[in-house]
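Notes for the structure review
What follows is each chain in one-letter form.
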Amino acid sequence: MRRSRSFIPTTKEIPSDATLPSHQFLVRGGFINQQGAGLYNFMPLGKIVLEKIRRIVKEELDKAGCNEVQLSFITPLSLWDRSGRADTMGKEMLRIKDRHQNEFVLSPTNEEAMVELVKNRATSYKDLPLNLYQINTKFRDEARPRYGLLRGREFLMKDAYSFHASKEDMVREFDMMESTYKKIFTRLGLDFRVVQADSGAIGGDGSKEFHVLADSGEDTIVVCDSCEYGANIETIFETDEEIDALNEKSYEELQTKKIDEKCSCGGELSFKKGIEVGHIFQLGDTYSSALDAKFNDENGKPKAYEMATFGIGISRLVASVIEQNHDESGCIWTKSTAPYMVNIMISDIKKEAQVELAEELYSKLQDSNVEVILDDRKERFGFKMKDAELIGFPYTVIIGKELANGNVQIFDRKTKEKISVSVDDIYSKMMELI
Ligand code: ATP
Ligand code: MG
C-alpha cells in the first residue's frame with residue numbers, strides 16, 4: 001500500500017469521552033471512528049487488524065474441529081419467549097417491530113438460534129458431538145457504552161456452541177476449547193490469564209474467563225505469582241459490596257492491598273486488573289430442555305443435548321492489544337496484529353535516490369509477501385515519524401540523509417531504537433527481523 005493512496009485519517013484531536021489509551025490512539029491513528037454511542041466504524045487500518053484477529057481465531061477453531069456458520073443477526077422474539085429469556089434479558093436486548101408489527105431482537109448472543117439450527121438435524125447420538133461457531137455482529141444496549149471498542153453496543157463476537165450426548169463429553173470439549181483459547185491468545189501476542197469465573201448454579205470448573213492483563217481493565221482478578229491459578233474476585237468475595245468496591249479501585253491502590261491467604265501451590269496471590277476477552281461456559285441442558293431439543297441415545301431414548309458455549313470478543317481484542325501495548329506516542333502492535341509490518345519512509349520525496357531505493361525495497365518486500373506500506377507523502381519528516389509512532393508499525397525503514405554514506409535506518413517501534421544498516425543489507429535484515 002502507498003500511503004499517498006491510502007485512507008488513514010490520523011488526527012491530533014482526542015475525543016472528549018476517550019479516557020483510555022486504546023480509545024484515544026485507535027481514533028487518533030485513523031483505525032476507527034465513532035458513529036454514535038457504542039457504535040464504531042472500522043476504517044481501513046482498523047479493518048485490517050480486525051481481520052487479522054478474526055483469521056487467527058478462525059484458524060485455531062477450524063483446527064479444533066469447529067464448524068463455521070453464520071446466523072441471521074435479527075432473531076424472532078418468539079424464540080426468546082420459548083427459552084424464557086425474553087423476560088430475563090432486560091433492556092440490553094433491543095427489540096424491534098417490522099411493518100407487520102412482528103417483534104424481533106437484535107441478537108445479543110445466539111444460544112436459542114443455534115439450538116434451533118441443530119434440533120431435528122442432529123437426531124442421533126451418532127451425529128454428536130458437534131461444535132458450531134460464527135464470527136458475527138452482536139448488539140447489546142449497554143447502560144454505559146464506553147471505553148471505545150472495549151464496551152460497545154454493536155460489536156463483533158466469536159460465539160461457539162457445542163452439543164454432546166453426555167456430560168463427560170461436554171467437559172472434554174470444554175477442556176479442549178480452553179487449550180484452543182490459550183493458543184489463540186498466545187498467537188495474538190497477549191499476556192493473559194485464565195480465571196475461574198462465577199458459574200452460578202453450575203459450580204466447579206463450569207465457567208472460565210480469559211483476561212488480558214491491563215491496568216485499565218474493568219475486572220479485578222486474583223492471580224498467583226508461581227502457578228497458572230487465577231480467579232475473578234466474583235468467585236472469592238461474598239457480597240456485591242465487597243466486589244464493587246474492589247472493582248472501583250484503580251490498579252495502583254490495589255497493589256497496596258495484601259492478600260494473606262496463599263495459593264494452594266504455596267505461591268503469593270495478588271490483585272490484577274483484567275479485560276475479559278473470552279468466556280467459556282458449561283451450559284448443561286438448560287437451553288436444549290427449554291427448547292425441546294433432543295437426540296436419540298444408544299437405547300433409542302430421547303435425551304436433551306448437553307451443551308457448552310464459548311465466546312471471544314473480537315472487536316474488544318483490537319482495543320485490548322493496545323491497552324496492553326502502548327506508550328505516550330501511540331500504539332505498539334504485536335507482530336501478529338500489526339496492520340503493516342514494515343513502513344518504508346522516504347524522508348525527502350524530492351530526493352531521487354531516496355525514492356528509487358524506497359521503491360525498490362517496497363517491491364522486493366511485497367514480492368516476499370511482507371505486509372509493507374510506503375510513506376511517499378509530500379510531508380515533513382518529523383510529521384511522518386510522529387504518524388508512524390502513533391499508528392505503531394513494528395518497523396520503519398528510514399531512507400534519509402544517511403543514504404549519502406550508503407546507509408538507511410531501521411526504527412523499532414517498541415524500543416524506539418534506531419539502527420543503521422547498509423543499503424546492500426537492508427532487505428535481508430528486514431526479512432530476518434520479521
Ligand atoms: P462483560 O462482563 O464485559 O459485560 P459479558 O460477560 O457480558 O461481558 P459474554 O456474554 O461472556 O460477555 O460475551 C462473550 C465475550 O464478548 C466477552 O468475553 C467479551 O470479550 C465480549 N463482549 C461482551 N460484551 C461486549 C461489549 N459490550 N463490547 C465489546 N465486547 C463485548
Ligand atoms: Mg462473560
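Computed from a prediction, not measured in an experiment: that's the story for all the values here.

All right, on to the domain arrangement of the protein chain then. The domain boundaries assigned to the protein chain delineate domain 1 (9-330) and domain 2 (342-433). Spacing between the C-alpha centres of domain 1 and domain 2 amounts to 39 Å. Opposite the twelve residues of domain 1 that make contact, domain 2 presents seven residues. Buried area between domain 1 and domain 2, summed over both chains or domains, comes out near 810 Å², and the portion from carbon and sulfur atoms is 52%. Linking domain 1 with domain 2 are four salt bridges. The residue glutamate 371 makes a salt bridge to lysine 52 at a minimum N-O spacing of 2.7 Å. For the pair domain 1 and domain 2, the interface holds seven residue pairs in polar contact (both at pLDDT 80 or more). At the level of elements, helix 1 (21-28) and helix 2 (44-63) are the ones that each hand at least two residues to the side of domain 1 that touches domain 2. Counted by class, the side of domain 1 that touches domain 2 contains three nonpolar, five polar and four charged residues.

Pairing is antiparallel across the open sheet formed by three strands, whose spatial order is 4-6-5. Unpaired on one side and paired on the other, strand 4 (74-76) and strand 5 (95-97) mark the two borders of the sheet. Neighbour-to-neighbour, the strand axes of this sheet turn through a mean angle of 40°, independent of strand direction.

Our focus in this paragraph is the site of ligand 1. By nearness alone, 14 residues border ligand 1, and Arg140, Glu142, Arg151, Gly152 and Glu276 come closest of all. Separating an oxygen atom of ligand 1 from a side-chain N or O atom of arginine 140 is a distance of 3.0 Å. Protein chains shield 80% of the accessible area of ligand 1, which is 580 Å² for the free molecule. The cavity where ligand 1 resides is the largest pocket.

When a metal holds four donors in a tetrahedron, each ideal angle between them is 109.5 degrees; when it holds six in an octahedron, the ideal angles are 90 or 180 degrees. Those donors, Glu276 (OE) and His279 (ND1), are the protein atoms that reach the magnesium ion (ligand 2), and they lie 2.3 to 2.4 Å from it. The class of glutamate 276 is partly exposed, set by a relative accessible area of 23%. Here histidine 279 falls in the partly exposed class, since its relative accessible area comes to 24%.

A separate point is helix 1. Within helix 1, seven of the eight residues are buried, which leaves it mostly tucked inside the rest of the structure. Where helix 1 is concerned, the buried positions are Ser22, His23, Gln24, Phe25, Leu26, Val27 and Arg28. Looking at the buried side of helix 1, the elements it contacts are strand 1 (32-36), strand 2 (39-42), helix 10 (314-324), strand 17 (326-327), strand 18 (330-331) and helix 12 (381-391). Backbone geometry just downstream of helix 1 places glycine 30 in the positive-phi region, at approximately 75°.

Approximately 1200 Å³ is the volume attributed to the largest pocket. The wall of the largest pocket is formed by 39 residues, among which Arg140, Met157, Glu209, Glu276 and His279 lie closest to the centre. Only strand 8 (154-164), strand 13 (269-284) and strand 16 (306-313) provide two or more residues apiece to the lining of the largest pocket. When residues in the lining of the largest pocket are grouped by element, the largest group, eight residues, is from strand 13. Partitioning the lining of the largest pocket into residue classes produces 15 nonpolar, ten polar and 14 charged.

Within the structure shown, the criterion is met by zero disulfides. Counting only cysteine sulfurs, cysteine 263 is the nearest neighbor of cysteine 227, a cysteine outside any disulfide, at a range of 3.7 Å.

Taken together, five strands build an open sheet; the order of strands is 20-19-21-22-23 and the sheet is mixed. Only two strands of the sheet have a single neighbouring strand rather than two, namely strand 20 (372-375) and strand 23 (418-422). Shown here is a sheet whose adjacent strand axes are inclined to one another by a mean of 25°, direction ignored. Sheet topology note: the strand 19 (residues 342-346)/strand 21 (residues 395-399) ladder contains five bridges and is parallel. Residue pairing across strands places asparagine 343 opposite threonine 396, the latter belonging to strand 21. Helix 11 (residues 352-367) contacts strand 19, strand 20, strand 21 and strand 22 (407-412) of the sheet and is inclined by roughly 165° relative to strand 19. Across the sheet, helix 12 touches strand 19, strand 20, strand 21 and strand 22, and the angle it forms with strand 19 is around 170°.

Core analysis: the largest hydrophobic core is formed by 60 residues, its most contacted members being Leu26, Phe31, Phe185 and Trp333. The greatest single-element share of this core, amounting to seven residues, is contributed by helix 2. Residues in contact with tryptophan 333, not counting those within four places in the same chain, are Leu26, Phe31, Val49, Val318, Val321, Ile322, Ala338, Pro339, Ile391, Gly392 and Pro394. Among the nonpolar cores identified, the runner-up in size contains 24 residues, and Leu71, Leu79, Ala113 and Val118 belong to it.

Cut-offs applied
Residues numbered from 1 in each chain as written. Chains lettered and ligands numbered in written order. Predicted model: local features only at pLDDT ≥ 70, side-chain atom pairs only at ≥ 80, totals over all residues. Heavy atoms only, no water. Domains from an automatic or database assignment. Contact = heavy atoms within 4.5 Å. Buried area = accessible area lost by both parts, 1.4 Å probe. Salt bridge = Lys/Arg side-chain N within 4 Å of Asp/Glu carboxyl O. Polar contact = N/O pair within 3.5 Å; in protein donor to acceptor, adjacent residues only side chain to side chain. Helix = DSSP H or I, 4+ residues; strand = E, 2+ residues; numbered from the N terminus. Nonpolar A, V, L, I, M, F, W, Y, C, P; charged D, E, K, R; others polar. Pairing = 2+ DSSP bridges. Axes fitted to C-alpha atoms, helices over the stretch in contact; angles between N-to-C directions. Near = heavy atom within 4 Å. Areas by Shrake-Rupley, 256 points an atom, 1.4 Å probe, with all protein chains shown as cover. 1 Å grid on protein atoms, 1.4 Å probe; cavity = no way out; pocket = protein on both sides within 12 Å on 5 of 7 lines; lining within 4 Å. Sits in = over half its atoms within 2 Å of the grid points. Donors = N, O, S within 2.8 Å, 3.2 Å for Na, K, Ca; no water. Buried < 20%, exposed > 50% of the residue type's maximum accessible area, 1.4 Å probe, protein only. Points joined across faces, edges and corners; volume = space filled by probe spheres on them. Disulfide = S-S within 2.5 Å. Core = buried A, V, L, I, M, F, W, Y, C linked by side-chain atoms within 4.5 Å.

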